[in-house]
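# Tertiary structure, described
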Amino acid sequence: MREEYRKDCPVYLSGYLTYAGSVVGRTDRTVEAYYVDIRTFLRYLVAVKHSDVNLEETPFEKIPIKNVPFSYVKEFTLMDAYEYMNYLINERNNSNKTRARKTSSLRRFYDFLASYRSPEIYRLETNPLDKLELPRPEKTLPKYLELDQSKELLDDVKSENYLRDYCILTIFLNCGLRLSELAGLDIDDYSESARTLRVFGKGRKERIVYLNDACISALNAYLEVRPKSLVDPDAIFLSSYHDHRRLSNRRIQRIVEDQLEIAGLGNLGISPHKLRHTAATLMYEYGDVDPIVLKDVLGHVSVATTEIYTHLSNKDRKTAVESSPLADMKANGNAVKPSEKSEDDSENSPTDNYFSYNIARHEKSSSI
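Residues numbered from 1 in each chain as written. Predicted model: local features only at pLDDT ≥ 70, side-chain atom pairs only at ≥ 80, totals over all residues. Heavy atoms only, no water.

## What about unusual backbone geometry?
For residues other than glycine, phi is negative in most cases, and the peptide bonds are mostly trans. One non-glycine residue, Arg195, lies in positive phi territory at about 55°. Structurally, the position occupied by Arg195 is in the loop between strand 1 (190–191) and strand 2 (196–200). The exposure class assigned to Arg195 is partly exposed, which follows from its relative accessible area of 31%. Phi is positive for His244, close to 50°, though the residue is something other than glycine. Checked against the element boundaries, His244 lands in the loop between helix 10 (213–225) and helix 11 (249–262). On the basis of relative accessible area, His244 is assigned to the buried category, the value being 18%. (Helix = DSSP H or I, 4+ residues; strand = E, 2+ residues; numbered from the N terminus. Buried < 20%, exposed > 50% of the residue type's maximum accessible area, 1.4 Å probe, protein only.)

Written as structure tokens, this is what we have:
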């Protein structure tokens, strides 16, 4: 985690983040995300709930959290949490997805404080947020490139580091790796004989990804011209600058963005993660891959996450309709001659007839 973040942590938060990173095995990026979410919460406590900070003098984003009293955290209740959620909506303009993430981070934090893992001086007897529900994020289908667009992207690669950048795009589009997974690849992770890549996913979970001919060809071509690095000798993808460092996540992201622009696809909102969506969708639609197998390829924990790609494809719905036992039925031509007026043009609709009938019944019963 960044040193500037750690220096601003109160002791009780620092202990939780250390536990999340060293014991649970969360990545630095995940730990930093926890910090940012809980920092927003602690700033809310001192500036909004307890009004210790004048927001006209100190902007919310500049409020330090180092000295936020643990008593503020300890006194926080479930009803206070609802007020905080309301604040995130009305004052921070957070979407359901963002609030769901922040709620999850907060619940994890309080789970830790209410467990034996927390130092006794900062331990809660009960977790006040145990019943706090996560906001339901809006369900949206991920963006992805169509097959012809994916081919355009690969065909139009133009770069001073052509073989490297072409290889990056090829692996994204064929293997569906996450950005961090691709950036973290080492030479030893690639086996040409076994045609595999060893990948470390979320939480450093290891999985094996099998490679097709396109990936093997692209990797071999790049590795022949890959520069040697004294700084990161094991990394597969290296910078072309003099020190030849491992490419960062951000640099790979820029490479993808540049190539999308060159291919005329820069206005589609596609990112490296959207290329992962593309790979998954193409595997499912054209490769007839079972969702359970696709789950293992992508490194998902649950098949429910993978099943979103089945909704991106019309294949199953089209097959379902075409397999109906009535699919071959044709009209026999026995049409009834229409009346002069269509139903839409008739003076009395079926509803009018219904009310006329009931009125007549009512009048008859009244006369009796």
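## Examining the packing of aromatic side chains
Evaluated as defined, the whole model comprises 19 aromatic pairs. Considering the side-chain rings of Phe109 and Tyr110, the 5.8 Å spacing of their centres and the 75° angle between planes classify their relative orientation as edge-to-face. Using a relative accessible area of 0% as the deciding quantity, one classes Phe109 as buried. (Phe/Tyr/Trp six-rings, centres within 6.5 Å; stacked < 30°, edge-to-face > 60°.)

## So, the environment of Glu257
Within the secondary structure layout, Glu257 lies in helix 11. Sequence-wise, Glu257 and Gly269 are 12 residues apart; in three dimensions their C-alpha atoms are separated by 9.4 Å.

## Notes on helix 10
Residues separated by three or four positions in an α-helix point in the same direction, a consequence of the helix having 3.6 residues per turn. For helix 10, with 13 residues, the first-to-last C-alpha span of 19 Å sits near the 18 Å given by 1.5 Å per residue. Those residues of helix 10 not exposed but buried are Cys215, Ile216, Ala218, Leu219 and Tyr222. Residues of helix 10 that are buried in the fold lie against helix 8 (162–175) and strand 1. The backbone nitrogen of Ala214 has a side-chain oxygen 3.3 Å away, supplied by the residue at the start of helix 10, namely Asn212. (Expected span 1.5 Å × (residues − 1). Contact = heavy atoms within 4.5 Å. Polar contact = N/O pair within 3.5 Å; in protein donor to acceptor, adjacent residues only side chain to side chain.)

## Structural notes on the sheet that holds strand 2
An order of 1-2-3 is seen for the three strands of this open sheet, with the pairing classed as antiparallel. In the strand order of this sheet, the two ends are held by strand 1 and strand 3 (206–210), each with one partner. Looking at chain direction, strand 2 and strand 3 are connected through five bridges and run antiparallel. Across the sheet, the residue bridging to Thr196 is Tyr210, located in strand 3. (Pairing = 2+ DSSP bridges.)

## What to know about helix 2 (residues 11–22)
Taking 1.5 Å per residue, 12 residues should reach 16 Å; helix 2 reaches 16 Å between its end C-alpha atoms and fits that length. Those residues of helix 2 that sit buried are Tyr12, Leu13, Ser14, Tyr16, Leu17 and Ala20. Packing partners of the buried residues in helix 2 comprise helix 1 (3–7), helix 3 (28–49), helix 4 (70–74) and helix 6 (96–113).

## Focus: the pairing of strand 3
Alternating positions in strand 3 separate cleanly, Arg207 and Val209 being buried on one face and Glu206, Ile208 and Tyr210 remaining unburied on the opposite face. Two successive antiparallel strands, strand 2 and strand 3, enclose a turn made up of five residues, where Gly203 displays a positive phi of approximately 70°.

## A closer look at the side chain of His244
Separated by 2.9 Å, the side chain of His244 and the backbone oxygen of Tyr241 make a polar contact. Setting aside residues up to four positions removed in sequence, His244 forms contacts with Pro227, Lys228, Ser229, Leu238 and Ser239.

## With respect to the packing of helix 2 against helix 3
Here helix 2 crosses helix 3 at 155°, and the two axes come no closer than 10 Å. The orientation of helix 2 relative to helix 3 falls into the category roughly antiparallel. The hand of the helix 2/helix 3 crossing is right-handed. Residues Tyr12, Leu13, Tyr16, Leu17, Ala20 and Gly21 of helix 2 lie in contact with helix 3, whose contacting residues are Val31, Tyr34, Tyr35, Ile38 and Leu42. Of the residues belonging to the contact of helix 2 with helix 3, the class tally is 10 nonpolar, one polar and no charged. (Axes fitted to C-alpha atoms, helices over the stretch in contact; angles between N-to-C directions. Parallel < 35°, antiparallel > 145°, perpendicular 65-115°, else oblique. Left-handed = near helix turned anticlockwise from the far one by under 90°. Nonpolar A, V, L, I, M, F, W, Y, C, P; charged D, E, K, R; others polar.)

## What to know about a nonpolar patch on the surface
Where nonpolar side chains cluster on the molecular surface, the patch consists of Tyr162, Leu163 and Val225 and spans about 250 Å² of accessible area. Along the chain, Leu163 turns up in helix 8. A residue is classified by how much of its surface remains accessible, and Leu163, at 32% relative accessible area, is partly exposed. (Patch = residues over 30% accessible without salt bridge, like charges linked within 9 Å, V, L, I, M, F, W, Y side chains within 5 Å. Areas by Shrake-Rupley, 256 points an atom, 1.4 Å probe, with all protein chains shown as cover. Salt bridge = Lys/Arg side-chain N within 4 Å of Asp/Glu carboxyl O.)

## Section: the pairing of strand 2
Relative to strand 2, strand 1 runs antiparallel, the two being bridged by two bridges. For Tyr190, the partnering residue across the bridge sits in strand 2 and is Leu197. As consecutive antiparallel partners, strand 1 and strand 2 are separated by four residues, and within that stretch Arg195 has a phi angle of approximately 55°, a positive value.

## Brief notes about the side chain of Arg39
Topologically, Arg39 is positioned in helix 3. Buried charged residue Arg39 carries no salt bridge. Nearest counter-charge: Asp8, at 5.7 Å. Discounting residues that sit within four places of it in the chain, Arg39 has contacts with Tyr5 and Ile65. (Lys, Arg positive; Asp, Glu negative; His and termini not counted.)

## Structural notes on the environment of Lys49
If you trace the backbone, Lys49 turns up in helix 3. Lys49 gets classed as partly exposed once you look at its relative accessible area, which sits at 34%. In the structure, Lys49 is positioned 31 residues away from Asp80 in sequence and 8.7 Å away in space, judged by C-alpha atoms. Not counting chain neighbours up to four residues away, the residues in contact with Lys49 comprise Tyr44, Phe76 and Asp80. Looking at Lys49, its side chain comes within polar contact range of the side chain of Asp80, at 3.3 Å.

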